[in-house]
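Overview (structure and organization)
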Amino acid sequence: MRTDRKLFLLGVTLAAATSLLAAGCGNREDAAPAATAKTTVGTEIDDTVVTTKVKSALLADADIESFDLKVETRKGVVQLSGFVDNQAQIERAIAATSAVAGVTSVENGISLKSGNATVGNAVDDGIITTKVKSALLADPSVKSFDIAVVTRKGEVQLSGFVDNQAQIDLATTLATKVEGVTRIDNELSIKK
């Protein structure tokens, strides 16, 4: 069992490194230039390292259902989102995240699960998440790679860092139009 955990952590690390490489190689152009906070390659690498360390810390704590959590980092500010069973898991996740070197602050966007989800709910939620991500990707005005989408029983949670309020509003509008979405929990933040 311990070997499986090590392999999983290695996989998470490799996935983070691959996403960093892909982000560095991407050449997306904005539809309209916006005044955004600039980051350096060093800052992007630091944020990826912090994200990986936070995910590892959450995985290491058996009392936190970290598979249901998303972690986004921008200039040391870590944004947690997703769904957990109880308030104690939220508090443990925040404490574990705060203890990671390089974390300057934690934005809590974690929600409590309501009721029991069925296999049908899980399948439907996966389809809704895919449709929301597709809608965000289809609109060039939205920095969709910077937005995490989590769905539970039709409730869609959007989190991450975007350039401006217009992108937050557009992402919310696009997600609302997806069939099966019952509610939007918008945890998006503007890059600083």
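Residues numbered from 1 in each chain as written. Predicted model: local features only at pLDDT ≥ 70, side-chain atom pairs only at ≥ 80, totals over all residues. Heavy atoms only, no water.

1. Describing the overall build of the chain
When you go through the chain residue by residue, the secondary structure sums to five helices and six strands. Tracing the chain from N to C terminus, the helices and strands come up as α-α-β-β-α-β-α-β-β-α-β. Here the chain, with 192 residues, has 38% of them falling under the buried criterion. Of the contacts made within the chain by residues no fewer than 6 positions apart, 71% connect residues no fewer than 24 positions apart. (Helix = DSSP H or I, 4+ residues; strand = E, 2+ residues; numbered from the N terminus. Buried < 20%, exposed > 50% of the residue type's maximum accessible area, 1.4 Å probe, protein only. Contact = heavy atoms within 4.5 Å.)

2. Points about the sheet that holds strand β3 (residues 105–112)
The mixed open sheet is built from three strands, whose spatial order is β1-β2-β3. Of all strands in the sheet, those with a lone pairing partner are β1 (69–74) and β3, marking the two edges. Here the average twist between neighbouring strands, direction ignored, is 10 degrees. Looking at chain direction, β1 and strand β2 (residues 77–84) are connected through six bridges and run antiparallel. If you follow L69 over to β2, its bridge partner there is G82. On the sheet, helix α3 (residues 87–98) packs against β1, β2 and β3 and is oriented at approximately 160 degrees with respect to β3. (Pairing = 2+ DSSP bridges. Axes fitted to C-alpha atoms, helices over the stretch in contact; angles between N-to-C directions.)

3. Some details on the pattern of salt bridges
Pairing between side chains becomes possible if they bear opposite charge and their charged atoms approach one another. One pass over the structure, following the stated rule, counts five salt bridges. Here R92 and D61 are joined by a salt bridge, their closest N and O atoms 2.7 Å apart. One end of the pair, R92, is in helix α3; the other, D61, is in the loop between α2 (41–60) and β1, with 31 residues separating them in the sequence. Linked by salt bridges that have partners in common, D61, D63 and R92 make up one network. (Salt bridge = Lys/Arg side-chain N within 4 Å of Asp/Glu carboxyl O.)

4. With respect to unusual backbone geometry
Its identity is not glycine, yet K75 carries a phi of approximately 50 degrees, on the positive side. Inspection of the secondary structure puts K75 in the loop between β1 and β2. The phi angle at K153 is positive, at roughly 50 degrees, despite the residue not being glycine. For K153, the position within the fold is in the loop between β4 (147–152) and β5 (155–162).

5. Looking at helix α5 (residues 165–176)
The periodicity of an α-helix, 3.6 residues per turn, causes residues three or four places apart in sequence to face the same way. With 12 residues, α5 should cover 16 Å at 1.5 Å per step; its first-to-last C-alpha distance of 17 Å lies within 8% of that length. A distance of 3.2 Å separates the backbone nitrogen of A166 from a side-chain oxygen at the start of α5, and that oxygen is part of N164. (Expected span 1.5 Å × (residues − 1). Polar contact = N/O pair within 3.5 Å; in protein donor to acceptor, adjacent residues only side chain to side chain.)

6. With respect to the nonpolar core
Nonpolar side chains in soluble globular proteins tend to end up buried together. Core analysis: the biggest nonpolar cluster contains 17 residues, and V132, L136, I147, V156 and L158 have the highest contact counts within it. Every element with two or more residues in this core is listed here: α4 (119–138), β4, β5, α5 and β6 (183–190). In this structure, V54, I64, V71 and I110 belong to the second largest nonpolar core, which totals 15 residues. (Core = buried A, V, L, I, M, F, W, Y, C linked by side-chain atoms within 4.5 Å.)

7. Some details on the sheet that holds β5
One open sheet holds the three strands; their spatial order is β4-β5-β6, and the pairing between them is mixed. With one partner strand each, in any of the chains shown, β4 and β6 form the two edges of the open sheet. With strand direction ignored, the average angle separating the axes of adjacent strands in the sheet is 10 degrees. Sheet analysis places β4 next to β5, joined by six bridges and oriented antiparallel. What sits directly across from I147, in β5, is G160. The strands that α5 touches are β4, β5 and β6; relative to β6, the one it contacts most, it runs at about 160 degrees.

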